[in-house]
Amino acid sequence: MTVPSGRRERKKAATRQKIADTALRLFLERGYEAVGIRDVAAEADVAVTTLFSHFASKEALIFEQDDDFEQRLTRAATDRAPHEPLIPALRREIQALVRHCTADSAAPIWRMIETSPALREYEESMRLRHAESLATAIAADPDLSRTPTACRAIARFVIDAYSLAREAPDPQSAVDEVFRMIEAAWEATCPAVTSPGGPVRGEKAPVVQRLTTTEAT
């Protein structure tokens, strides 16, 4: 999580964290449906208006690191080293996020999410928003030269990789497996740079083209 600078920002961040921690404790102790916004505000010793100034909804209290998750993914794309390929950079970030969300301490939270229709719906809308933000970041990179559709597709695959790996018996192996497919899909969207004799030297032919050539021989 980004560390806020300045006394006022640190105080706001501390209040936000206190509210989130209080809400999670109450939800786990009493059940998500049994706890209301006023219960959380009273337990955290803040006004309801203060709670809503930090969290737009009850569901958002569970996903309090939502913005941080989204920023980490977009930064993995935009802040990678010069000439570093996109997909390995995204894979590293997803691996780190999966390690965090599959820690033993996270298991009760995911069980709560899975049993609540409201939380599952919120998580789905959150994933779509993250995918759109990541797609925008990828499309803005002039060195990647992919169509908007390709950027959106790859971004959704990356977000789905996180969800699939989180639910897998071996999360890290699942990340590697899914990203091998993502890598192949990304290469397949690479614009062909051709000469009369085929791809220009130094350019990778798309995966589909390479496979077709191999089969023909």
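All values reported here derive from a predicted model rather than from experimental measurement.

1. Remarks on the nonpolar core
Core analysis: the biggest nonpolar cluster contains 57 residues, and Phe27, Val40, Ile62, Ile94 and Phe179 have the highest contact counts within it. Among the elements that make up this core, the one with the highest residue count is helix α9 (residues 148–167) (eight residues). Setting aside residues up to four positions removed in sequence, Val40 forms contacts with Ile19, Thr22, Ala23, Leu26, Phe27, Val35, Leu51 and Leu61.

2. Examining the environment of Phe179
Locating Phe179 in the fold gives a position in helix α10 (residues 171–188). What Phe179 contacts, discounting residues up to four positions off in sequence, is Ile87, Leu90, Arg91, Ile94, Val158 and Ala161.

3. Observations regarding the packing of aromatic side chains
Under the definition given, this model contains three aromatic pairs. When the ring of Phe69 is compared with that of Tyr162, the centres are 4.9 Å apart and the planes differ by 70°; the resulting orientation is edge-to-face. Here the residue Phe69 occupies a position in helix α5 (residues 66–78), and Tyr162 occupies one in helix α9, the gap between them amounting to 93 residues. The pair formed by Phe69 and Tyr162 is uniform in burial state, with each residue classed as buried. The ring of Tyr32 carries the charged tip of Lys58 above its face, separated from the ring centre by 4.2 Å. One cation-aromatic arrangement involves Arg146 over Trp186; the distance from NZ or CZ to the ring centre is 3.9 Å.

4. Some words on the packing of helix α1 (residues 7–30) against helix α2 (residues 37–44)
Packing of α1 against α2 brings their axes to within 9 Å, and their N-to-C directions diverge by 120°. Considering the angle they form, α1 stands oblique to α2. Like other packed secondary-structure pairs, α1 and α2 cross with a definite hand, here right-handed. Where α1 abuts α2, its residues Lys18, Ile19, Thr22, Ala23, Arg25, Leu26, Phe27 and Arg30 lie against Asp39, Val40, Glu43 and Ala44. Its residues assigned to classes, the contact of α1 with α2 shows six nonpolar, one polar and five charged.

5. Quick notes on the environment of Ser133
Along the chain, Ser133 turns up in helix α8 (residues 117–139). Separated by 62 residues in the primary sequence, Ser133 and Gln71 have C-alpha atoms spaced 8.8 Å apart. Excluding anything up to four places from it in sequence, Ser133 contacts Glu70 and Thr74.

6. Things to note about α10
Spanning 18 residues, α10 covers 26 Å between terminal C-alpha atoms, matching the ideal 26 Å at 1.5 Å per step. If you check which residues of α10 are buried, you get Pro171, Ala174, Val175, Val178, Phe179, Ile182, Trp186 and Glu187.

7. Let's talk about the environment of Glu121
If you trace the backbone, Glu121 turns up in helix α8. Through-space distance from the C-alpha of Glu121 to that of Glu59 is 9.5 Å; in sequence the pair is 62 residues apart.

What counts, and where the lines are drawn
- Residues numbered from 1 in each chain as written.
- Predicted model: local features only at pLDDT ≥ 70, side-chain atom pairs only at ≥ 80, totals over all residues.
- Heavy atoms only, no water.
- Core = buried A, V, L, I, M, F, W, Y, C linked by side-chain atoms within 4.5 Å.
- Buried < 20%, exposed > 50% of the residue type's maximum accessible area, 1.4 Å probe, protein only.
- Helix = DSSP H or I, 4+ residues; strand = E, 2+ residues; numbered from the N terminus.
- Contact = heavy atoms within 4.5 Å.
- Phe/Tyr/Trp six-rings, centres within 6.5 Å; stacked < 30°, edge-to-face > 60°.
- Lys NZ or Arg CZ within 6 Å of the ring centre and 35° of its normal.
- Axes fitted to C-alpha atoms, helices over the stretch in contact; angles between N-to-C directions.
- Parallel < 35°, antiparallel > 145°, perpendicular 65-115°, else oblique.
- Left-handed = near helix turned anticlockwise from the far one by under 90°.
- Nonpolar A, V, L, I, M, F, W, Y, C, P; charged D, E, K, R; others polar.
- Expected span 1.5 Å × (residues − 1).

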